[in-house]
Structure formats: structure tokens, C-alpha cells
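Listed below are the residues making up each chain.
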Amino acid sequence: MKARFFLNPTSWHENAPPPTRAPLAFHRRLPGYRSTPLIDAPELARTLGIGQVLVKDESSRLGLPAFKILGASWAVYRLLEKRAAESEGRAFARPGLAAASPSGIFEPWSTVEELAAGLASLQPLTLTTATDGNHGRAVAHVAALFGFAARIFVPAGTAQARIDGIASEGAFVEVVAGTYDDAVERAAREANERCLVVSDTSWPGYEEIPRWVMEGYSTILWEIEDELARRGEKDPDIFPIPFGVGALAAAVVRHYGPLGPNERPKILGVEPLQAACLLASMEAGEIVTVPGPHDSIMAGLNCGQPSLIAWPIVSQGIDACIAIPDERAREAMRALARVGVVAGETGAAGLAGLIELLTGAENARHRAALGIGTNSRALILVTEGATDPESYQRIVSG
Ligand SMILES: Cc1ncc(COP(=O)(O)O)c(C=O)c1O
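Residues numbered from 1 in each chain as written. Predicted model: local features only at pLDDT ≥ 70, side-chain atom pairs only at ≥ 80, totals over all residues.

Engineer: Can you tell me about the overall build of the chain, naming the residues and giving the values?
Structural biologist: Regarding its fold elements, the chain presents 16 helices and eleven strands. In summary, the chain has a C-alpha radius of gyration of 20 Å against a globular reference of 21 Å for 398 residues, a match within 12%. Viewed in the frame of its principal axes, the chain has a C-alpha envelope of about 60 × 45 × 40 Å. When the 398 residues of the chain are sorted by exposure, 52% land in the buried category. Contacts in the chain between residues at least 24 apart in sequence constitute 73% of all its contacts with a sequence separation of at least 6. (Helix = DSSP H or I, 4+ residues; strand = E, 2+ residues; numbered from the N terminus. Rg over C-alpha atoms; globule rule 2.2 N^0.38 Å. Buried ≥ 20, exposed ≤ 12 C-beta atoms within 10 Å, placed from the backbone. Contact = placed C-beta atoms within 7 Å.)

In C-alpha cells, the structure reads:
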């Protein structure tokens with residue numbers, strides 16, 4: 001299958017207030033927090049014909065093999081703050097988001113044990129969501145940390161290793177006959193007074209929680225910014241982002257938006273050809289649902305529709321998108337293994353998109369369209385490690 005490329009003609013200016021560091025301040029108090037590595041990969045840069053490739057490695061984040069815990073933990077925290085405020089008849093402000101230091105309803109706390117003790121009055125609670133693997137495991141992990149139950153819905157065809165990973169967090173896992181989008185609908189039906197839906201995608205009437213998920217991802221971007229400042233380096237010129245429902249891409253667009261169109265990195269959405277919902281929506285100028293089967297090996301990107309809240313942000317703020325065949329993901333996994341980074345199929349998608357962009361049949365057109373030259377600097381976000389270890393071994397050793 002041939003890759004597809006779409007260049008966004010929209011020239012965009014960010015009017016929203018810049019994101020704050022409140023999620024980062026929260027994550028720093030979770031067990032095992034550390035800023036994930038930012039690795040220089042000169043051999044990759046040479047292969048791609050650009051000046052520098054930096055790899056931000058999310059294969060181990062807060063005890064899980066993917067970045068998704070950043071969104072899930074912040075969203076659950078905010079949701080519980082709101083619930084506690086409502087049950088006490090207090091106003092639910094947006095603590096921390098505008099302030100430099102956290103000022104939420106559970107403050108002060110400095111360890112997750114102290115926080116969990118403060119949550120006791122909210123029991124019993126179950127957290128639920130649909131997932132292609134990583135978000136569901138993250139929600140299950142947060143439920144266990146905070147002392148709640150978890151019920152996670154996965155689409156048919158989800159790799160057993162990913163189901164086992166979710167179950168290992170103590171969650172009940174149910175396979176839904178259908179696609180990821182069917183699993184989303186199934187999870188939404190679970191909502192009740194004692195069962196909270198913590199979805200990373202949004203739909204009409206369900207927007208607040210996915211917005212917090214998106215905010216939670218900002219921690220990655222602050223870490224990158226702080227590390228580059230420490231090294232005395234500038235922001236990258238191009239930032240390819242694996243695109244599933246678009247929450248991660250929207251977080252990146254929001255982060256760099258205040259810099260303005262000439263200063264911010266070029267942001268490239270990367271999707272599998274089998275589930276190119278961003279590309280189809282960009283071409284149509286509105287949210288489009290692409291029919292299944294969504295059977296890419298980039299399992300986290302097997303989504304048929306962009307998130308409702310991500311769409312206005314990415315449709316204006318993303319510079320281009322590219323839909324790629326699975327073979328590019330395998331190639332990227334091997335290339336990352338050679339520089340010592342363990343990237344699962346979805347985790348390697350950012351590099352896979354960049355390989356297609358810069359070395360594929362249309363590379364000259366792509367380079368010209370995005371102003372990429374031999375000195376350009378790319379930032380690759382490896383969003384997951386080997387979440388299906390057998391498949392990882394097969395691909396990397398092949
Ligand atoms: C490892 C990984 N990377 C990237 C993504 C894409 O994130 P989003 O769905 O917010 O676009 C996902 C989504 O599940 C994922 O699991």
C-alpha cells in the first residue's frame with residue numbers, strides 16, 4: 001500500500017492561554033516519577049538526511065510501558081477533585097491550572113498513600129474505559145494506586161499480551177466483539193453513580209475528562225522544553241506524532257501554539273493506512289469516520305474517528321499528516337533498536353512517519369512542503385515500549 005500525505009493549508013494562530021505546569025507538578029509526586037530520557041541519535045539523522053534526531057523515550061513511564069499514564073492519572077485526579085468538591089457542596093475551581101503551585105481539594109499531600117487516604121470517603125468506585133491497550137492499562141494502574149476497581153473494554157483482536165498487561169493491574173478485562181469505536185460505546189454505557197468513565201476520546205456531552213487526559217500529556221512537553229533549555233538547544237524543527245484519536249497530537253499543538261506559526265516546530269500527524277481518520281477528516285474538512293477493519297500492527301492507532309475535542313485543535317494546528325503502511329513501523333522499530341531504544345509497533349510510529357516523509361517516493365515534495373533541509377532537527381516521541389514482547393522479538397530479529 002502506498003503512503004498518503006496531506007498538507008494543511010490553514011495558517012493558524014493560537015488564542016487560548018498557554019498550558020500550565022500543574023500536571024507536571026502532580027506527576028512529580030507519583031511513585032517512580034523521573035523525566036524520561038532524551039537521546040541524541042546521530043546515525044538516524046544521517047540516514048534521514050537531516051541535522052539531528054532526538055528521541056524522547058516513553059517506553060518506561062511511571063512504572064508502565066507507555067506514556068498514557070500521564071493523561072489517565074491527571075484526568076482521574078481532576079475527576080475525583082470535582083466529585084469531592086460536589087459532595088461537600090464546594091465550588092469546583094480549576095486549581096493549579098492557573099496557579100504556580102497546586103491548590104486542589106486534596107492538598108496538601110506529598111505521597112500517593114497520603115492522597116489515597118484522602119480519597120477513602122469516595123469509595124466504593126470503579127473506573128472504566130475502552131482501550132487498544134495502553135490507556136486501559138493506565139486507567140487500571142491508577143485505579144489500583146488510588147484503591148478503586150477497574151473494568152476495561154478492549155476490541156476484538158487485541159493481542160493477548162496487552163490483555164494480560166491490563167489484567168496484571170488487577171482490572172477486569174472484557175473483549176468487545178467489534179472495533180475500538182464499538183468498545184468506546186460499550187464502556188460509555190457503564191457510567192453510573194459508582195462507575196466513572198475515564199475515556200481518552202470524547203463525544204457530544206463527554207468532553208471534560210478527555211480534556212484533562214490531554215492536559216496530562218503536557219508533562220512530556222515541559223520535560224522536553226526543560227531538557228533542551230538545560231542543553232542550550234532550540235525547539236526542534238519537525239515533530240511527528242502518532243495519531244490515534246488525536247489527544248496526544250492536540251497536546252503538542254497546544255503546547256507549541258503560543259510560539260506562533262513561524263517559530264513552532266512543524267507538527268506531523270502519523271497514522272496507519274488502515275485507520276487514517278485524521279487524513280480522511282482533513283481532506284473532508286470535518287470529522288469523518290473511516291470504516292474498519294482497523295487491523296494495523298500499530299494497535300494504539302487503530303481508531304476510526306478523531307476525538308471531538310482534539311479535532312478543532314489538530315485540524316487548525318497540525319501542519320501535515322501522513323498515513324503509512326505497517327512495514328514502515330517495522331523498519332522504525334529496527335532502527336530504534338539499533339540506537340538502543342525499545343519501541344513497540346505504535347511507539348515507533350513517529351519515526352516510521354518521518355522515514356516515509358524523508359525517504360519515501362515523494363520525499364522531495366514533502367521536504368519542500370514542510371521546509372525541511374539538511375540542518376533540520378527532528379524530535380521523535382517513542383510512545384511505548386514492547387507491549388507485545390513476542391511480536392517485538394519477531395519484528396526486531398527479522
Ligand atoms: C503508544 C501510543 N502512542 C500513541 C497513541 C495515540 O494517542 P492518541 O489516541 O491520543 O492520538 C496511543 C493511543 O492509544 C498509544 O497507545
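Following the structure, the description resumes.
Engineer: So what's going on with the site of the ligand? Which residues, and what values?
Structural biologist: Close to the ligand lie 20 residues; Gly244, Ala247, Gly300, Thr383 and Glu384 are nearest. The residue makeup of the shell around the ligand includes at least three contributed by each of domain 1 (4-67 + 215-397) and domain 2 (69-208). (Near = placed C-beta within 6 Å. Domains from an automatic or database assignment.)

Engineer: So what about the nonpolar core? Which residues, and what values?
Structural biologist: If you look at soluble globular proteins, the nonpolar side chains tend to sit buried side by side. Ranked by internal contacts, the top residues of the largest apolar core, which has 119 residues, are Val139, Ile241, Ala249, Ile322, Ala348 and Ile380. The residues that make up this core include at least three from each of domain 1 (4-67 + 215-397) and domain 2 (69-208). For Ile241, the contacting residues outside a window of four places in its chain are Leu248, Ala249, Val252, Ile267, Leu268, Gly269, Val270, Gly350 and Leu381. (Core = buried A, V, L, I, M, F, W, Y, C linked by C-beta atoms within 7 Å.)

Engineer: Give a description of the packing of helix α3 (residues 69-87) against helix α8 (residues 208-216) that names residues and reports values.
Structural biologist: Between α3 and α8, whose axes approach to 7 Å, the crossing angle comes to 130°. Relative to α8, α3 is oriented oblique. The two elements α3 and α8 cross, and the hand of that crossing is right-handed. For the pair formed by α3 and α8, the contact residues are Leu70, Gly71, Ala72, Ser73, Trp74, Ala75, Arg78 and Leu79 on the first element and Ile209, Trp212, Val213, Met214, Glu215 and Gly216 on the second. Within the contact of α3 with α8, the residues separate by chemical class into nine nonpolar, three polar and two charged. (Axes fitted to C-alpha atoms, helices over the stretch in contact; angles between N-to-C directions. Parallel < 35°, antiparallel > 145°, perpendicular 65-115°, else oblique. Left-handed = near helix turned anticlockwise from the far one by under 90°. Nonpolar A, V, L, I, M, F, W, Y, C, P; charged D, E, K, R; others polar.)

Engineer: I'd love a proper account of the pairing of strand β4 (residues 126-130), names of residues and values included.
Structural biologist: Of all five residues making up β4, four are buried, and the element is well covered by its neighbours. Bridge analysis of β4 against strand β5 (residues 149-155) gives five bridges, and the strand direction is parallel. Looking across to β5, one finds that Ala130 is bridged to Phe153. Since β4 and β5 lie parallel, the crossover through helix α5 (residues 134-146) that links them has a hand, and here it is right-handed. (Pairing = 2+ DSSP bridges. Right-handed = clockwise from strand over helix to strand, strands pointing away.)

Engineer: Could you give me a rundown of the domain arrangement of the chain, with the residues and numbers involved?
Structural biologist: Taken as a whole, the chain is organised into domain 1 (4-67 + 215-397) and domain 2 (69-208). Put simply, the middle of domain 1 and the middle of domain 2, counted by C-alpha atoms, are 24 Å apart. Within the residue set of the side of domain 1 that touches domain 2, elements represented by two or more residues are α1 (22-27), α8, α9 (218-231) and α16 (389-397). With five residues, α1 is the single largest residue contributor to the side of domain 1 that touches domain 2. Taken together, the residues of the side of domain 1 that touches domain 2 sort by class into 19 nonpolar, 13 polar and seven charged.

Engineer: Talk me through α9; I want residue IDs and the actual numbers.
Structural biologist: Across its 14 residues, α9 extends 20 Å between first and last C-alpha, which sits within 8% of the 20 Å expected from 1.5 Å per residue. Residues of α9 that are buried: Ser218, Thr219, Ile220 and Ile224. Of the residues flanking the end of α9, it is Gly232, one or two places downstream, whose phi is positive at about 75°. (Expected span 1.5 Å × (residues − 1).)

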